[in-house]
Amino acid sequence: EVEYQICVLSGKCPTLRSAKMSGDASICENGVLELEDPEDLLSEEDDDEVFPCSNVDVQSFVPVNKLTDEGRTPRDASDIWGDVVEVDGQKHYLSIINLMHGTSVVDVTDSTEPVVLGFLPAPGMVPIIWHDVKVDNHFAFIVSEQPGHGMQVLDLTRVVTEYYEDDDDDDVPVLSADFWLDSFGSSHNIVINEETDFAYVVGASNCDGGLYVVDISDPLKSNFVACYSDDGYTHDAQVVVYDGPDQKYKGKEIAFNYNEDTLTIVDVTDKSNMVLLSRTSYQGHQYTHQGWLTADSSRLLMNDELDEQYGTTFDNSGNMQGGRTRTLIWNVEDLENPYWENSFIHENTSIDHNLYINNDFAYLANYCSGLRILDVAAVASGGLPKEVAYFDACPECAGTLFNGVWSSYPYFTDHPDQEADEQIVLLSSIERGLFVVKVHLPRAK
């Protein structure tokens with residue numbers, strides 16, 4: 001992985017930091033919030049740690065050393081996803097967070113009192129930061145760049161049921177996978193289309209790193225279906241049943257792939273004949289990383305993971321922006337002819353990582369500058385986003401380093417602790433662990 005080698009050579013790879021699990025929400029006031037650290041796990045001098053923020057409260061926090069069973073060495077965190085599982089008529093809101101050596105499942109139904117339900121060890125012995133997880137039909141599907149990892153399948157309903165049936169809650173239970181697909185070894189990421197029950201493993205040791213398609217309609221019998229690698233390695237993707245403005249592809253299953261230096265759009269409806277629709281690059285590309293469609297599917301927001309480090313954050317007029325964080329905005333109204341329409345240049349300078357869009361808001365996990373929330377309502381008409389909230393989970397980090405936040409999950413629709421114009425968001429901090437935050441969503445003016 002390019003980013004890991006860079007941080008190794010610079011001597012600035014992530015280092016573990018821990019803090020006490022929070023029992024009450026920490027409110028953002030006057031641009032900062034404080035998390036208590038009475039055990040001096042973070043600092044011997046202070047009893048708390050101060051985080052810059054705006055319109056984001058921390059409901060709770062689970063450090064990396066509390067996400068695994070007792071005695072297991074804590075490891076850095078990476079990807080995160082969520083799910084809602086119903087057991088005996090009660091909804092359980094879950095966080096599924098990857099660590100370097102496995103995956104932890106946390107019940108965040110009470111967002112101020114998270115409960116760690118179990119830890120699933122990775123199948124291999126070599127800890128590695130790159131794990132990824134997505135969920136379909138209440139099963140978690142987990143992949144990793146760990147050699148020989150394959151795809152672990154975990155029944156989240158079983159995890160919840162067994163935890164609350166067991167009276168022994170002194171330690172975090174060690175979980176076992178319900179199924180393991182070993183038809184491929186390592187991979188970088190997994191993408192799931194929940195409408196079609198197909199998973200798309202990307203960056204795998206098979207299929208030249210392209211789309212490795214798996215039928216997960218029966219999770220416990222997940223099986224390889226097809227391969228698409230006409231444009232080589234895919235780092236990440238979003239696959240949808242298309243409902244955007246391009247009438248030619250309405251109802252088709254479309255993959256928006258992020259292929260290192262291009263946005264590559266593929267019609268994957270017919271798995272025996274997947275068709276390249278377009279392959280488009282852009283000025284200043286260094287590592288096309290990830291992106292997400294707006295609610296109307298007319299635009300797409302994209303991040304390039306290395307353009308800030310290399311100082312190539314050009315705007316659409318060709319003007320250099322001094323390495324400030326750049327979010328690229330694409331017009332994808334014509335899938336065969338997409339184009340880079342605009343850029344949102346952030347005020348700060350940090351590497352951008354994963355971003356997700358829920359309705360009119362984009363949630364960006366931007367490493368050292370933390371979680372940034374943008375109002376993207378104006379994007380569909382050619383306008384620019386506006387930042388409306390943020391939470392810096394790594395205040396000691398600044399600049400283009402691979403520290404801080406990795407990803408977020410902003411898709412709980414009816415969490416009991418959120419009201420209208422609020423969003424409970426799960427946030428993974430590489431060095432610290434799991435933050436459960438509440439975002440207040442004022443409409444940008």
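Residues numbered from 1 in each chain as written. Predicted model: local features only at pLDDT ≥ 70, side-chain atom pairs only at ≥ 80, totals over all residues. Heavy atoms only, no water.

A. Geometry of the pattern of salt bridges. Going through the model one piece at a time under the given rule, you end up with 18 salt bridges. For the salt bridge of Arg 279 with Asp 231, the shortest nitrogen-to-oxygen distance reads 2.4 Å. Note that Arg 279 is positioned in strand β19 (residues 275-280) and Asp 231 in the loop between β15 (223-228) and β16 (236-241), a separation of 48 residues in sequence. On the accessibility criterion, Arg 279 (46% relative accessible area) is partly exposed. A residue is classified by how much of its surface remains accessible, and Asp 231, at 16% relative accessible area, is buried. The shortest N-O distance in the salt bridge between Arg 372 and Glu 387 comes to 3.1 Å. Note that Arg 372 is positioned in strand β26 (residues 371-375) and Glu 387 in strand β27 (residues 386-391), a separation of 15 residues in sequence. (Salt bridge = Lys/Arg side-chain N within 4 Å of Asp/Glu carboxyl O. Helix = DSSP H or I, 4+ residues; strand = E, 2+ residues; numbered from the N terminus. Buried < 20%, exposed > 50% of the residue type's maximum accessible area, 1.4 Å probe, protein only.)

B. Molecular detail of the state of the cysteines. According to the stated counting rule, one finds three disulfides in the structure shown. The disulfide that involves Cys 207 links it to Cys 227, with 1.7 Å between the sulfurs. Judged by the sign of its S-S torsion, about 115°, the cystine formed by Cys 207 and Cys 227 is right-handed. Of this pair, Cys 207 sits in the loop between β13 (198-202) and β14 (211-215) while Cys 227 is found in strand β15, placing the two residues 20 residues apart along the sequence. Cys 227 sits in the partly exposed class, given a relative accessible area of 38%. At a sulfur-sulfur separation of 1.6 Å, the disulfide partner of Cys 368 is Cys 397. Note that Cys 368 is positioned in the loop between β25 (361-365) and β26 and Cys 397 in the loop between β27 and β28 (405-409), a separation of 29 residues in sequence. By relative accessible area, Cys 368 is classed as buried at 2%. For Cys 397, a relative accessible area of 9% translates into the label buried. Here Cys 394 stays unpaired: no disulfide links it, and the sulfur of Cys 397, its closest cysteine neighbor, is 4.4 Å away. (Disulfide = S-S within 2.5 Å.)

Everything listed is a geometric property; what it means functionally is a separate question.
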